[in-house]
Structures are given as structure tokens and as C-alpha cells.
Amino acid sequence: MNYLKVIAFTHKQIELKELGKLVICQDSITSKLQRAKEHFNIPEIFYLATCNRVEFVMATAQEIDKAFARKFIEFMEIGLGSHYLDTFISGASIYEEKEALNHLLRTSCSMESLVVGEKEILAQMRKAYETCRAAQLTGDYLRMVMNHVVKTAKEVYTDTNISRNPISVVSLAYRKLRELNLTSNARILIIGAGETNKNISKYLQKHKYSNFAVFNRTKSKANELAGELKGKAFNLADLANYREGFDVIITCTSSVEPIITKEIYQVLLNGETSRKTIVDLAVPNDTAAEVIEQFPVNYIEVHTLNELSKSNLQERYQELIHAEKIIEQNLIEFVPVLKQRRIEVAMREVPEKIKEIRKTAVSCVFADEIEMMDLQSREILEKVINYMEKKYISVPMRMAKEIMLRDDN
């Protein structure tokens, strides 16, 4: 695994809103990677970009560190200013050899994702790899790596329940919302621009919801969150006069009194009578009890979610342990697979060499003696030579594999 290297920029070290600056236009990614591949003498490379990560996966013998990462990103001409470049390089994660494979396996299993258990990342990784493979940016080494990555992820998703029971209140709330099958243009009011609402907004934005209105006591914070969501910003006081309708309210403020009173809710309805959804993540709740009692509402509130989170925690813990064991086993398995492939590559010329020896023996060295043989004797000789050829091709490969297994033990 000496050649496997990864330069990763992820949500763990870098703000999600900043990560977008690292994304390379799809139309130019192939040409940029091809030039970088040649300039830095990188035998194989592929590029992965999702909403919470940008990564460059390489097969190369050269040392990869943050100094190299800076040169590489500068060469890619993404258009970053020096301030952003410093920020990104400071937050970059560099993985090599076994750590690199471990990172890729964990990423494919969503263990490194914002939402642990989300299967979408595996499809994104496969698509990213296939795009670069089709452009001849990758070769046999990364093919083996990706085969093992996909194998591991399938085992984790098949043999564990990691994708079934989220444990964070925000992810649980989002899952409840998704179960309601909202349209992407559903009118969503976000009340409060604190960390909780920012986190749930990331999920909403990731899944292409696009119709937002943000209310907050401090208008500047409402502007900031609305800007990220490409929505409208309002002061919290404007809620009492908002008449553009809504389908979903997501609220989380520090108020000790209900924000959504019966009177305000009636104004927000603007005459609509259909069932609405309220996601109330505030403690105490932002929604007055009479709103839930007197109007048709799908009500998702923090207390219920907390109880569900607690019940999921122990099961998820066991599933995470199980997933870690599967990943560790696949790390161990990859080493002999890689060695075997190296033997196959190193010895793939053996059959041709043996065929050349056979041809020389029959047509040159023993040509006169064979010519003097009768037809039956020639047929027997042909059978013997064919048998010996097959054995001489298979024996070296088998012996090499036996030596490899003995060395491993």
C-alpha cells in the first residue's frame, strides 16, 4: 500500500460553506487532473467532491505532505485567494498507505460523513472513480483499491444496521421530515439562526430544498443563514405579519415563552387549511400547546426526538463496533490481495515466454528430429508438450502464491 495517498478537505476541519470554493467545474476537471498528473508525475489519480468533502486520491511513490498539497492546489488553478488557500491547507488531512485505505473504507461506509449511515456517499465515490477511470486517469492499482472499497461498504451496509437508526436530534428530525415526502419547493420557515437550525439547514440544502425564509432576532444572523440557503431574511418581529404562506416551520430559539402562538400561527396560515409540519427543536418548546391542539399539524418536537435518540444510541453503538470490525478485517485482507496481484503482474509474461521457448524448440532446435518422426509419434509429442506447457505456466504462479502465504504467516 506504499503508493496510496489521499489529500482530503472535509466538513470536520473546514466550514461547509467554504468547501464549495474547492469544487472544480465538471467541464474542466478531466483536463486539470490530466495536467496535474503529468506535471507531478502521478501514475494514477481520481477526484471526489460531495457537499461535505473534496478529496484527491492518488497512487504515487512520492511523499505527500501539506507543502505538496499547497503546490498541487495552486497548480489546479481553482481560483482561490491566498487567505482561502492558507485556510484550506491548514485544514487539509493527508493520509498515506494503510491510513489512506482505512480512510477510504470508512468514507465509503459513511463513517466519516455528516450523517453516519447515509448510503449516498458510496454511489458518489463510485461515480467519481468511474469518471476518472473513463478518462484514463486511473489504472490497475486504484482499480483494486476501489473494488475493495465497494466490497467493504456493501458488507457494512448488508451486515449491520448502521443506516437505520440515527442518534443525533438533528438527523432524527431531518429523517422525520424526509418521511413526509415534501416537494423540493416546499415553503420552509426557519425561526432562529443558531447552530441547531444551521445544521438541519445543511441537510435540507443538500437534498435540494430551495424555498426558505429565515427569521431571527439579530437580522445579520438571519441574513447569513438565508444567504447560504439562497432564501429571504427577516427580523423575528416580522413573523407576526408574514403572509406568504408555509408548508414547514423549523424552529429553535432560546426564548422562554412560545414564539409560535395561536394568533401568529393563524397569520402564518394566511387562510390555508391544509395540514402543516412543525419541527420544534427548542427547549422549552417554541410552539404554544393550543397550536398543536387546535390545528392539523405534523408535530416533531425535541423531547420525543431525544427519547428516540437515547433508544437508538445503544443499538447504533453496537452497529458502529460491528462496522469497525468489518473495516479492520478488510484492511487485513487487502494486503495479500495486493501481493497476489503484484505476482500476477510480475509473472504475466511467463506464458508468452514459455510459448516462445516451445516455438523455438519445435521449429529450430529439434526440427530435424521431429521431421523424422511418424504421425502417431508427433501426436504423442504434441500432447506431451501441451501438458508440459500448461504445467510450466501454472507451477511458478502457484509456488509464488505459496511463498507469499508462508511469508504472511
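Note: the structure precedes this text.
Since we're looking at a predicted model, the values are computed, not measured.

Reading guide: rules and limits
Residues numbered from 1 in each chain as written. Predicted model: local features only at pLDDT ≥ 70, side-chain atom pairs only at ≥ 80, totals over all residues. Heavy atoms only, no water. Helix = DSSP H or I, 4+ residues; strand = E, 2+ residues; numbered from the N terminus. Buried < 20%, exposed > 50% of the residue type's maximum accessible area, 1.4 Å probe, protein only. Contact = heavy atoms within 4.5 Å. Arc of directions from axis to C-beta. Axes fitted to C-alpha atoms, helices over the stretch in contact; angles between N-to-C directions. Parallel < 35°, antiparallel > 145°, perpendicular 65-115°, else oblique. Left-handed = near helix turned anticlockwise from the far one by under 90°. Nonpolar A, V, L, I, M, F, W, Y, C, P; charged D, E, K, R; others polar. Core = buried A, V, L, I, M, F, W, Y, C linked by side-chain atoms within 4.5 Å. Pairing = 2+ DSSP bridges. Phe/Tyr/Trp six-rings, centres within 6.5 Å; stacked < 30°, edge-to-face > 60°. Salt bridge = Lys/Arg side-chain N within 4 Å of Asp/Glu carboxyl O. Polar contact = N/O pair within 3.5 Å; in protein donor to acceptor, adjacent residues only side chain to side chain.

Caption draft 1: Local environment of the overall build of the protein chain. Helices and strands together make up the secondary structure of the protein chain, namely 16 helices and 10 strands. A buried classification covers 43% of the 409 residues belonging to the protein chain. Counting only contacts in the protein chain whose residues sit at least 6 apart along the sequence, the fraction spanning at least 24 positions is 72%.

Caption draft 2: Examining helix H10 (residues 219–229) more closely. Inspection of H10 places Ala222, Leu225, Ala226 and Leu229 among the buried residues, and these make up the whole buried set. One side of H10 carries all its buried residues, which in axial view fall inside an arc of 100 degrees. Two residues or fewer after H10 comes Lys230, characterised by a positive phi angle close to 55 degrees.

Caption draft 3: Geometry of the packing of helix H5 (residues 97–108) against helix H7 (residues 140–159). Where H5 contacts H7, the axes come no closer than 8 Å and their chain directions differ by 45 degrees. Compared by their axis directions, H5 and H7 come out oblique. For the crossing formed where H5 meets H7, the hand is right-handed. Facing Leu101, Leu104, Leu105 and Ser108 of H5, the residues of H7 in contact are Val145, His148, Val149, Thr152, Ala153 and Tyr157. In terms of residue class, the contact of H5 with H7 is built from 7 nonpolar, 3 polar and no charged.

Caption draft 4: Quick look at the nonpolar core. Grouped together as the largest cluster of nonpolar side chains are 63 residues, with contacts concentrated most on Phe9, Phe56 and Phe72. In terms of residue count, H7 provides more of this core than any other element does, 10 residues in total. Val170, Ile190, Val214 and Ile300 belong to the second largest nonpolar core, which has 27 residues in total.

Caption draft 5: Quick look at the sheet that holds strand E5 (residues 187–191). Spatially, 6 strands are ordered E7-E6-E5-E8-E9-E10 in an open sheet, and the strand pairing comes out parallel. The open sheet is flanked by strand E7 (232–235) and strand E10 (297–301), the only strands paired with a single partner. Mean inter-strand twist for the sheet, computed between neighbouring axes without regard to direction, equals 15 degrees. Relative to strand E9 (residues 276–280), strand E8 (residues 248–251) is paired through 4 bridges, and the arrangement is parallel.

Caption draft 6: Expanded view of the packing of helix H8 (residues 169–179) against helix H9 (residues 195–206). Taken N-terminus to C-terminus, the directions of H8 and H9 make an angle of 45 degrees; their axes are 10 Å apart at the nearest point. With respect to their mutual orientation, H8 and H9 come out oblique. Crossing handedness for the pair H8 and H9: right-handed. The residues of H9 that touch H8, namely those facing Val170, Ser171, Ala173, Tyr174 and Leu177, are Thr196, Asn199, Ile200, Tyr203 and Leu204.

Caption draft 7: Examining the environment of Pro351 more closely. With respect to the helices and strands, Pro351 occurs in helix H14 (residues 350–365). Pro351 gets classed as partly exposed once you look at its relative accessible area, which sits at 23%. Separated by 41 residues in sequence, Pro351 and Tyr392 have C-alpha atoms that sit 8.3 Å apart.

Caption draft 8: Geometry of the packing of aromatic side chains. Evaluation of the coordinates by the stated rule reveals 16 aromatic pairs. Ring plane angle 80 degrees and centroid distance 6.3 Å describe the contact between Tyr3 and Tyr141, whose orientation is recorded as edge-to-face. With a gap of 138 residues between them, Tyr3 in the segment before strand E1 (4–10) and Tyr141 in helix H7 connect regions that are remote in the sequence. Accessibility expressed as a relative area gives 39% for Tyr3, which makes it partly exposed. Seen in terms of ring centroids, Phe68 and Phe72 are 6.1 Å apart; in terms of plane orientation they differ by 25 degrees. Their pairing is stacked. Taken as a pair, Phe68 and Phe72 lie in helix H3 (residues 66–76) at a separation of 4 residues, close to a single helical turn.

Caption draft 9: Layout of the pattern of salt bridges. Applying the stated rule across the entire model yields 19 salt bridges. Its salt-bridge partner being Lys198, residue Glu224 comes within 4.0 Å of it at the nearest N-O pair. Of this pair, Glu224 sits in helix H10 while Lys198 sits in helix H9, and the two are 26 residues apart along the sequence. Among the charged side chains, a salt-bridge network with shared partners connects Lys12, Arg106, Glu112 and Glu324.

Caption draft 10: Layout of the side chain of Thr107. Note that Thr107 resides in helix H5. Only 2.7 Å separates the side chain of Thr107 from the backbone oxygen of His103, close enough to count as a polar contact. Apart from the residues lying within four places of it in its own chain, the contact partners of Thr107 are Arg53, Glu55, Glu112, Ile121 and Met125.

Caption draft 11: Region of the structure containing the pairing of E7. Pairing analysis gives 4 bridges linking strand E6 (residues 211–216) to E7, with the strands arranged parallel. Of the residues in E7, the one forming a bridge with Phe215 is Phe234.

Caption draft 12: View of the environment of Ile260. One can find Ile260 in the loop between E8 and helix H11 (262–269). For Ile260, a relative accessible area of 0% translates into the label buried. Linking Ile260 and Glu290, residues 30 residues apart in sequence, is a C-alpha distance of 10.0 Å. Ignoring sequence-local partners within four residues, the contact set of Ile260 consists of Ile191, Ile249, Thr251, Tyr265, Asp286, Thr287, Ala288 and Val291.

Caption draft 13: Layout of H11. The set of residues buried in H11 consists of Ile264, Tyr265, Val267, Leu268 and Leu269. Elements that come into contact with the buried residues of H11 comprise E5, E8, E9, helix H12 (289–294) and E10.

Caption draft 14: Just the sheet that holds strand E2 (residues 44–50), in detail. Sheet architecture is open: 4 strands sit in the order E2-E3-E1-E4, paired in antiparallel fashion. Every interior strand has two partners, whereas the edge strands, E2 and strand E4 (93–96), have only one. Across the sheet, the mean angle from the axis of one strand to that of its neighbour is 15 degrees, orientation sign disregarded. Sheet topology places E1 next to E4; 4 bridges connect them, and they run antiparallel. The residue of E4 that forms the bridge with Lys5 is Glu96.

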